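Fold and geometry: a report
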Amino acid sequence: MAQQLIESNREGAEIYTGPEICKKKSIELLEEVHMPRGLLPLSDMEEVGYNRSTGFVWLRQKNSKTHNFKKIGKNVSYAKEVTAFVEDRKMKRMTGVKAKELLIWITLNGMSINESDLKTICFTTPTGIGRSFPVSAFEDVEE
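Here's a quick rundown of the structure. Keep in mind that this is a model prediction, so the values were computed, not measured. (Residues numbered from 1 in each chain as written. Predicted model: local features only at pLDDT ≥ 70, side-chain atom pairs only at ≥ 80, totals over all residues. Heavy atoms only, no water.)

**Some words on the nonpolar core**
Ranked by size, the top nonpolar core spans 32 residues in total, and within it M35, L39, M91 and I121 carry the most contacts. Contributing elements (two or more residues each) for this core: α2 (19-32), β2 (45-51), β3 (56-61), β5 (74-87), β6 (90-101), β8 (110-113) and β9 (120-124). Other than its neighbours up to four places away in sequence, M35 contacts L30, R89, K90, M91, M111, S112, I113 and I121. Residues L5, F56, W58 and F85 belong to the second largest nonpolar core, which totals six residues. (Core = buried A, V, L, I, M, F, W, Y, C linked by side-chain atoms within 4.5 Å. Buried < 20%, exposed > 50% of the residue type's maximum accessible area, 1.4 Å probe, protein only. Helix = DSSP H or I, 4+ residues; strand = E, 2+ residues; numbered from the N terminus. Contact = heavy atoms within 4.5 Å.)

Following this line, the structure appears as structure tokens:
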């Protein structure tokens, strides 16, 4: 499904290849939509694409990656392909991102920062359940 979305949004998209430029562009994208810079700590990215007319973004990396956000003590898994529709302070209809709660990996399909509380970011699941954390936990670009 992610592959079909990527292919249908390639036309008219800005597409970048290579690890260095992809890392730079992914951080620039997060800053552009007012999301924390360290939210997508992906490594070995092969391609980043952004279709501004549809708001669709994709990030491809060589291998899936699990990252521990130390400030909140949570593990997050990023698939080889991560996709989302972005707008100001929101990423929705996401694919390729899961968070570990207790012993279970939970699919995340959205994240947003409410204009009334810019210090909190809320992550949502396909079932509508959400969890909030301080934005400061994701501000630093960790390796």
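Read on for the rest.
**Side note on a nonpolar patch on the surface**
Among the surface-exposed residues, L102, L103 and I104 lie close enough to one another that they form a single nonpolar patch of about 420 Å² accessible area. As for its placement among the helices and strands, L103 is situated in the loop between β6 and β7 (104-107). (Patch = residues over 30% accessible without salt bridge, like charges linked within 9 Å, V, L, I, M, F, W, Y side chains within 5 Å. Areas by Shrake-Rupley, 256 points an atom, 1.4 Å probe, with all protein chains shown as cover. Salt bridge = Lys/Arg side-chain N within 4 Å of Asp/Glu carboxyl O.)

**With respect to the pattern of salt bridges**
Between side chains of opposite charge, a pair can form when the charged atoms approach closely. Applying the stated criterion to the full structure yields twelve salt bridges. With a closest N to O distance of 3.1 Å, E28 and K25 form a salt bridge. One end of the pair, E28, and the other, K25, are both in helix α2, three residues apart, so they sit about a helical turn from each other. In this structure, a network of salt bridges that share partners links the residues R10, E47, R60 and E81.

**Things to note about the packing of aromatic side chains**
Inspection of the entire model under this criterion finds five aromatic pairs. Judged by centre distance (5.4 Å) and plane angle (55°), the ring pair of F123 and F138 falls under tilted. Here F123 is found in strand β9, whereas its partner F138 is found in the segment after β10 (130-134), with 15 residues between them in sequence. Taking relative accessible area as the criterion, F138 reaches 2% and is therefore assigned buried. By the ring-pair criterion, three or more aromatic residues cluster together here, those being F69, F123, F133 and F138. Against the face of F85 rests R93, its NZ or CZ located 4.1 Å from the ring centre. (Phe/Tyr/Trp six-rings, centres within 6.5 Å; stacked < 30°, edge-to-face > 60°. Lys NZ or Arg CZ within 6 Å of the ring centre and 35° of its normal.)

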